[in-house]
Amino acid sequence: MTNTVTGIKKADVIFVTGSNTTEAHPVMGMYVRQAKKAGKKLIVADPVRIPLAEIADIYLQITPGTSVALSNGMLNVIFEEGLEDKEYIKEHTEGIEELKAMVKKYTPEYAGKICGVNPDDIRAAARMYASSHKSYIAYAMGITQHINGTDNVMSLSNLALCTGNFGREGCGVNPLRGQNNVQGACDMGALPTDYPAYQKVFNPEVQAKFEAAWGVKLNPNKGLTVTKTIPAILEDKVKVLYVMGENPAVSDPDSHHVAHALEKAFLIQQDIFLNETSEYADIVFPVKAFAEKDGTFSNTERRVQRVRQLAVPKGESKDDWWIIMEIMNRLGYKCHYDKAEDIFNELRKVTPSYAGMTYARLEGKGLHWPCPTEDHPGTPILHTNGPIRNKGVGLLKAIEWIESPERQDKKYPFTLITARILYHYHTRTMTDRTRAIHFTAPRNWVEVNKDDAMELKLKDGDWLKVTSKRGSTEVEVRVVDTLEPGVMWMPFHYADGANNLSDAETLDPVCSIPGYKVIGVKVEKVSGGESKKLTEEVNNEEIAYYENEDPSRIRYKEAAAEKLLAGKGE
Amino acid sequence: MKLKFNGREYEVEKGVRVFKAAKDLGIDIPNFTIDENCHFNAAFDEPEDYEYSLKDMSVVEINGKLVRSYEVEVEDGMDIWTDSPKCKERRKEILGKVVSFHPLDCVNCVKLGECKLQKYCEMYGVKEGTDKVSYIKRPKDMSNRFYFQEFDKCIRCGRCVKVCKDKVGVEALEMVQDGKMRYVVPNLDAKLWKERIGKDSPSGKEKVMAIIDGKVSMADSTRCVSCGNCVSVCPVGAIMPKAQNNFREWETKKVVTTCTYCGVGCQIEYLVRDGKIVDAKPANGPSNEALLCVKGKFGYDFINHKDRLKHPMIRKNGKLVESTWEEALDLAASKIKEARDNFGPDSVAGFSSARTINEDNYLFQKMLRAAVGTNNVDHCARL
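Calculation rules
- Residues numbered from 1 in each chain as written.
- Chains lettered and ligands numbered in written order.
- Predicted model: local features only at pLDDT ≥ 70, side-chain atom pairs only at ≥ 80, totals over all residues.
- Helix = DSSP H or I, 4+ residues; strand = E, 2+ residues; numbered from the N terminus.
- Contact = placed C-beta atoms within 7 Å.
- Rg over C-alpha atoms; globule rule 2.2 N^0.38 Å.
- Buried ≥ 20, exposed ≤ 12 C-beta atoms within 10 Å, placed from the backbone.
- Pairing = 2+ DSSP bridges.
- pLDDT = per-residue confidence, 0-100.
- Domains from an automatic or database assignment.
- Nonpolar A, V, L, I, M, F, W, Y, C, P; charged D, E, K, R; others polar.
- Axes fitted to C-alpha atoms, helices over the stretch in contact; angles between N-to-C directions.
- Arc of directions from axis to C-beta.
- Parallel < 35°, antiparallel > 145°, perpendicular 65-115°, else oblique.
- Left-handed = near helix turned anticlockwise from the far one by under 90°.

Let us look at the overall build of chain B. Along the backbone of chain B there are 10 helices and 16 strands. If you line up chain B on its principal axes, its C-alpha atoms span 85 × 60 × 35 Å. Taking as baseline every contact in chain B between residues at least 6 positions apart, the subset at least 24 positions apart corresponds to 60%.

Have a look at this one:
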């Protein structure tokens, strides 16, 4: 994020797009609601009528995969009506002429047709967004998980640059990162092209620096992304796969494809539980959970915060880093660390943005990177002196909207969106073990627009076979009015669910992200009864749990009895 | 600026309310309505003529006059007494009223030791109610999966309603009044009330009666997101987590750490007993401002789950079997070595993790780059 989490409350205008904030980042969602109550303006653009849409000043129910067209349409209005920040554009950007020429054809009418929204709503959104220098864009995977995900992000950046919405409190372009330490994993160089702090592996100077620091010759060739590793295993190029704290069997696109690859490679796994991926593992190392270890996480606003050990580790489980250290030594690379802090102190030396941080300094409120020296206060807001890139000049990129091929195949007439729900987290290995969460969302479902449902003769609890070019899954139906006709929605948490359907081959050309948010599917009603049976099973399981296993069963029974008595009027 | 608390001189900042200034100095002024982090004060939502007002709990004596400490700002040279006989008298009066309708079954209450009402009653020697109050008794509401409500213990401080309305912003609870008493009830849509009891806008009493009759419950609230912030702010045992880990607050150690779920980076204060987490509360972190969501508040059961891996395992004859650390580490290293030496370093690949700490991620990529010699390292950022 260019700005802070709580900075959203300082904004005058909040533009939420491709983020179901109240479900996926609930506390951030609370801030949006607080801001709205305080009289701030809210624009929401999302194919799903998310809870925030209900309180939005302007809600644009765009067709899945049309974010670029929406941004271009808004820019068209901004330029037509002279709402841009001419001074900021002149001083801090390049490429304005190309951008202006390109968005000319994206009149609100043209963009509205692509996005499936009223042209006047695009005009209103553009005016509202451009009305302030405190306009805060918050987006998440609804923007990035497209085959043109990079374009989507760039087009939002165009909006912010042209209105001068960078470098101050309450504005910026703010990706809400989904995992506790996805920011940190990227910062630490868990990327095929980057050493820590985004220093490129193919840059000879950087290579020399790391060779000196680590005392070995390093490889200058770009490595494989997760999505490219799977095919590389199938092509016999990769023989050994080491998976630390992930569950690719469920989280990666095109599950069948992934299963073959995991089966084929020698698979080393490191985790707190056995999961779907373990079925293919050759070695499994048990590790400590976050509550049992010391360390640091970097949150979505680049704030590095302490993780503290508070619980006793289970069995023989070890720190992840201890296992890695042991393997490094066995591979002939000698190293030794006594505690996580030792590693932090080493990584500071090669990670300029973390150089000024120490565990002692992270006590309390943590520090935002970049924090280059030990007397630096950290950097909550980026780009304060103009964009960091190229001496304060941000790049405006003229980007045409392209349609996902998933929407063009008439044999798969519905568009399926996948997303996270409030109660579950990713592949559910953690959340499903809280019984109350399990009972709240025990199995997969698909949401179907009510008109489509009528046409397909579907009602709540019916059973639907959803098929894409890759595979199929059978799920329970929920009929909703939050989707446009032709669009369906499914959570991505469940094995044998959404990722049976997604495509692992057509990826974003720049960052290889899969198009999880636009999947072409066809559907077919399958024999009923099954979902009813499943519902009953879960209900019985829940009742049995509260009767026999739940530690608060005495209270529960007491309450049930009181309720019964109340029913009898005693 | 300089002022006096209880006869001692202190230096304080300008523009702060007396309550906050005292709190920052470590002087605890009794109150029920202000949350621990001073993010909100539910007293402002009390009706002015309300019989059981808790507003005056936080009175202090300044120049012989009682004033509410959260209403006045500090002034230079102020002479503030937080526990003078007059203050005590006023507080005893309020406590006496509250205790008249709060069940004094403290020996059977899980909140024992943490309860503010109990604390103040003990402090001021209040043993029984002073007032004969008639109010509607209600059964417990067990309908939410994550927490239960035992509103007979409710002292009407309004914190839960306030946090739900102003901080979470969903307004799943509301405070209704009947006669002298107020009641917390689920805030339901007019349509639902109509459906259940045939009235669009029932009176406070009708709402409470509908709950007693089992016609509505917390489970009917489509607004509730089970974030449990109402549980966290309740000063007594009226809203409690369902997970009963049979602990008492004084048996626990409290440790603040960063939440392990989404990227917001909320700070959680875990209550730990004998090395096990027994409860979670929001800490006042910079990105969560003492709020949590359902996963942060209630989703910690996985840590002590019986399925946790406890030994290294190796696949033998198609099955994963327990092994020693030596055996597993040696095998892993030899397989990596074998691939590296026979097929080149790029025949090894690793998926690091966005779930684990920076230190693990750093060492993981260093292992692949420095010890194996490949850049084949990535993680689930794109997924």
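Once that is clear, we can look at the overall build of chain A. Summing up its helical and strand segments, chain A has 22 helices and 21 strands in all. Relative to the compact-globule value of 25 Å for 570 residues, chain A shows a C-alpha radius of gyration of 25 Å, a close match. If you line up chain A on its principal axes, its C-alpha atoms span 75 × 65 × 55 Å. The buried share of chain A, taken over its 570 residues, is 55%. Across chain A, every contact between residues at least 6 apart in sequence was considered, and the portion connecting residues at least 24 apart equals 69%.

Two modes of strand pairing occur in sheets, parallel and antiparallel, and in both the strands are linked by backbone hydrogen bonds. Residue and element names in this part refer to chain A. Pairing in this open sheet of 3 strands is antiparallel, and the strands run β12-β13-β14 from one edge to the other. Every other strand in the sheet has two partners, leaving β12 (295–298) and β14 (367–368) as the edge strands with one partner each. Relative to β14, strand β13 (residues 303–307) is paired through 2 bridges, and the arrangement is antiparallel. Directly across from R303, in β14, lies its bridge partner H368.

Inspection of the secondary structure assignment puts R17 of chain B in the loop between β2 (8–11) and α1 (18–24). Setting aside residues no more than four positions away along its own chain, R17 of chain B makes contact with S69, Y70, V72 and E73 of chain B.

The next thing to look at is the confidence of the model for chain A. In this model, chain A carries a mean pLDDT of 91, and residues with pLDDT of at least 70 account for 95%. Below pLDDT 50 for its whole length, residues 563–570 of chain A participates in 8 contacts with residues either more than four positions away or in separate chains.

Turning next to the domain arrangement of chain B. All names here are of chain B. For chain B, the assigned domains read domain 1 (2–88), domain 2 (147–241), domain 3 (249–304) and domain 4 (344–382). Each side of the interface is counted separately: domain 2 has 8 residues, and domain 3 has 9 residues. Of the residues contributing to the side of domain 2 that touches domain 3, the split by class is 3 nonpolar, 4 polar and 1 charged.

A few words now on the interface of chain B and chain A. As a measure of interface size, the accessible area lost when the parts come together is often cited. Opposite the 109 residues of chain B that make contact, chain A presents 129 residues. The biggest single contributor to the side of chain B that touches chain A is helix α10 (residues 358–372) of chain B, with 14 residues. Tallied by class, residues from the side of chain B that touches chain A come to 57 nonpolar, 29 polar and 23 charged. Inspection of the sheet shows strand β11 (residues 283–286) of chain A paired to strand β13 (residues 313–316) of chain B by 2 bridges, in the antiparallel sense. Within β13 of chain B, the residue paired with V284 of chain A across the bridge is M313 of chain B.

Counting buried residues in strand β9 (residues 240–244) of chain A gives 5 out of 5 residues, a clear majority hidden from the surface. Alternating positions in β9 of chain A separate into two faces, V240, Y242 and M244 of chain A on one and L241 and V243 of chain A on the other, with burial throughout. Pairing of β9 of chain A with strand β10 (residues 266–271) of chain A involves 5 bridges; the strand directions are parallel. Across the sheet, Y242 of chain A pairs through a bridge with I268 of chain A, a residue of β10 of chain A. For β9 of chain A and strand β15 (residues 348–351) of chain B, the ladder comprises 4 bridges, and the chain directions are parallel. Across the sheet, residue V240 of chain A finds its bridge partner in β15 of chain B, namely V348 of chain B.

Residues and elements named next belong to chain A. For Y337, the location among the structural elements is in the loop between α15 (320–330) and α16 (340–350). Take Y337: there are 18 C-beta atoms within 10 Å of it, and that puts it in the partly exposed class. Apart from the residues within four sequence positions on either side, Y337 is in contact with W321, M325, D342 and I343.

In this section: the pairing of strand β2 (residues 41–45) of chain A. Residue and element names in this part refer to chain A. In terms of burial, β2 is a largely internal element, 4 of the 5 residues being buried. The sheet contact formed by β2 and strand β3 (residues 58–60) spans 3 bridges and is parallel. Residue pairing in the sheet places V44 in a bridge with Y59 of β3.

Turning to the environment of L274 of chain A, a few remarks are in order. Residues and elements named next belong to chain A. Relative to the elements of secondary structure, L274 occurs in the loop between β10 and β11. A tally of 18 C-beta atoms within 10 Å means that L274 is categorised as partly exposed. With 155 residues separating them in the primary sequence, L274 and T429 have C-alpha atoms 8.6 Å apart.

As a further point, take the sheet that holds strand β12 (residues 276–282) of chain B. Residue and element names in this part refer to chain B. Strand order in the open sheet made by the 3 strands is β10-β11-β12, with antiparallel pairing throughout. Only two strands of the sheet have a single neighbouring strand rather than two, namely β10 (253–258) and β12. Each strand of the sheet is rotated relative to its neighbour by a mean of 30°, with strand direction disregarded.

The α-helix winds at 3.6 residues per turn, so residues separated by three or four positions along the chain end up facing the same way. Residues and elements named next belong to chain B. Those residues of helix α6 (residues 204–212) not exposed but buried are K207, V208, A210 and I211. Buried residues of α6 fall within an arc of 155° about the axis and therefore sit on the same side. Where α6 is buried, its residues touch β7 (173–178), β8 (181–186) and α5 (190–197). Two residues or fewer after α6 comes G214, characterised by a positive phi angle close to 75°.

Here chain B averages 93 in pLDDT, while 99% of its residues score no lower than 70. On the interface metric, ipTM, the complex scores 0.94, and its pTM is 0.93.

This brings us to unusual backbone geometry. Note the cis peptide between W369 of chain A and P370 of chain A, where omega equals -5°. Relative to the helices and strands, P370 of chain A is located in the loop between β14 and β15 (394–395). In this structure, N6 of chain B takes a positive phi of about 50° despite not being glycine. Relative to the elements of secondary structure, N6 of chain B occurs in the loop between β1 (2–5) and β2. Positive phi is not limited to glycine here, since S226 of chain B has a value of about 50°. Considering the arrangement of structural elements, one finds S226 of chain B in the loop between α6 and α7 (229–233).

Residues and elements named next belong to chain A. At a minimum axis distance of 8 Å, the contact between helix α6 (residues 108–115) and helix α7 (residues 119–130) shows a crossing angle of 110°. Taken together, the axis directions place α6 and α7 in an arrangement best described as roughly perpendicular. As α6 runs across α7, the sense of the crossing is right-handed. The residues of α7 that touch α6, namely those facing P108, E109, A111 and G112, are P119, I122 and R123. Of the residues assigned to the contact of α6 with α7, the class counts are 4 nonpolar, 1 polar and 2 charged.

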